[in-house]
Amino acid sequence: MIKKFYLAVTAWLVLLTSVCLAYSDTEGHWAEKNIDSFSKIGILNGYEDGSFKPDDCMTRAELITVVNRILKNQAESTKFIPDNNSKEWYYSEIRKAVASSVVQGDPDGSVRPDELITREEAVILLYRAFMGEEAGNVKINAYDDAKNISEWAY
């Protein structure tokens, strides 16, 4: 399972920096082939204006959507999520992630879908998605910045 987690994290890193769809801004980008491959299988989409924005950071909703697509999550939570607006493109995706326990939200149930996702939040989300409750032998103290890990994520 640890190997599966590391593969997922590697895929996530490629996705963050990175679609047969000829986006207007990916030609010549170092991740162009990966972007194209993930787009062909429906994991990634670009923006309505035909761009992909391969060097932009991802929002929480964007990473949640990618993880839902990889996991093929379909069931939606009926739990009230205070900041999940039914008029937004990500409404269903947030509900799917909550239903699958990939996303738990803040103490008040907020998910903050429009905020950029931090590395810490992304690792927790990916861990829940691909490792579930398995603790494994993660040696957090081996990382130089382990002292900077928030208590909630530790």
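Every chain begins its residue count from 1, and numbering advances along the sequence as written. Under the rules for a predicted model, residues below a pLDDT of 70 receive no local features and side-chain atom pairs below 80 are neither given nor counted, while totals for whole chains, interfaces and linings still include all residues. Excluded from the side-chain calculation are hydrogens and water; included are all heavy atoms of the structure.

## Structural notes on the overall build of the protein chain
Then step 1. Along the backbone of the protein chain there are 5 helices and 0 strands.
Then step 2. By the criteria applied, helices consist of DSSP H or I runs no shorter than four residues and strands consist of E runs no shorter than two, each listed in order from the N terminus. Helices (α) and strands (β) of the protein chain occur, in sequence order from the N terminus, as α-α-α-α-α.
Then step 3. When each of the 154 residues of the protein chain is scored for burial, the buried share is 39%.
Then step 4. Counting only carbon and sulfur atoms, one obtains 53% of the accessible surface of the protein chain, whose full area is about 9,500 Å². When accessible area is computed with a 1.4 Å probe and restricted to protein chains, residues below 20% of their type maximum are described as buried, those above 50% as exposed, and intermediate ones as partly exposed. Using a 1.4 Å probe, accessible areas were evaluated by the Shrake-Rupley method; residue-level cover was limited to the displayed protein chains.

## Examining the environment of E32
Then step 1. Summarising the element assignment, E32 is placed in helix α2 (residues 32–40).
Then step 2. Residue class for E32 comes out partly exposed when judged on its relative accessible area of 25%.
Then step 3. Taking the C-alpha atoms as reference points, E32 and A22, 10 residues apart in sequence, are found 9.4 Å from one another.
Then step 4. By definition, residues are in contact when any of their heavy atoms lie within 4.5 Å. In this structure, E32 is in contact with T26 and E27, ignoring residues within four places of it in sequence.

## Overview of α2
Then step 1. When α2 is considered as a whole, its buried residues turn out to be I35, D36 and S39. The buried residues of α2 occupy an angular sector of 100° when projected down its axis, which confines them to one face.
Then step 2. Phi for G42, located one or two positions after α2, is positive at around 80°. Each direction from the helix axis to a C-beta atom contributes to the arc, which is the arc of those directions.

## Quick word on the side chain of T59
Then step 1. Structurally, T59 can be placed in the loop between α2 and α3 (60–71).
Then step 2. On the basis of relative accessibility, which here comes to 15%, the residue T59 falls in the buried class.

## A few points about the nonpolar core
Then step 1. Nonpolar cores are built from buried Ala, Val, Leu, Ile, Met, Phe, Trp, Tyr and Cys residues. Side-chain atoms within 4.5 Å join them into one set. Residues L63, I64, V67, I94, V103 and L125 are the most contacted members of the largest nonpolar core, which totals 26 residues.
Then step 2. For this core, the secondary-structure elements that each account for two or more residues are α3, α4 (91–99) and α5 (119–131).
Then step 3. Setting aside its immediate chain neighbours within four residues, L125 contacts L63, I64, V67, V102, V103 and I117.

## A few points about the environment of I149
Then step 1. Tracing the chain through its elements places I149 in the segment after α5.
Then step 2. Excluding residues that lie within four positions of it along the chain, I149 makes contacts with E120, I140 and Y154.

## What to know about the packing of aromatic side chains
Then step 1. The pairing test for Phe, Tyr and Trp rings, Trp by its six-membered ring, is centres within 6.5 Å, and the orientation test on the planes gives stacked under 30 degrees, edge-to-face over 60, and tilted for anything in between. Counted under the stated rule, the structure contains 2 aromatic pairs.
Then step 2. As a reminder, the over-ring test applies to NZ of lysine and CZ of arginine, requiring each to be within 6 Å of the ring centre and within 35 degrees of the ring normal. Across the ring face of Y47, the terminal group of K53 is positioned such that the distance to the ring centre comes to 4.2 Å.

## Some words on α5
Then step 1. Look at α5: 17 Å from first C-alpha to last across 13 residues, which is about the 18 Å you get at 1.5 Å a residue.
Then step 2. Within the sequence span of α5, burial applies to E121, A122, I124, L125, L126, A129, F130 and M131.
Then step 3. Note on α5: the residue one or two positions beyond its end, G132, has a positive phi of about 60°. Expected helix span is taken as 1.5 Å per residue step, with the number of steps being one fewer than the number of residues.

## Considering the environment of A99
Then step 1. With respect to the secondary-structure elements, A99 resides in helix α4.
Then step 2. Among the residues examined, A99 registers a relative accessible area of 36% and is labelled partly exposed.
Then step 3. Distance from A99 to K79, taken between C-alpha atoms, is 8.4 Å for residues 20 residues apart in sequence.
Then step 4. Apart from the residues lying within four places of it in its own chain, the contact partners of A99 are A75, E76 and S77.

## A short note on the packing of α3 against α4
Then step 1. Axis lines are fitted through C-alpha atoms, for helices just across the contact stretch, and the angle between N-to-C directions can take any value from 0 to 180 degrees. Direction vectors running N to C along α3 and α4 enclose 65°, while the axes themselves pass 9 Å from each other. The way α3 lies across α4 gives a crossing that is left-handed. Together, A61, I64, T65 and N68 of α3 and E93, I94, K96 and A97 of α4 make up the contact between the two elements. By convention the crossing between two helices is left-handed if the near helix lies anticlockwise of the far one by an angle smaller than a right angle, and right-handed if it lies clockwise.

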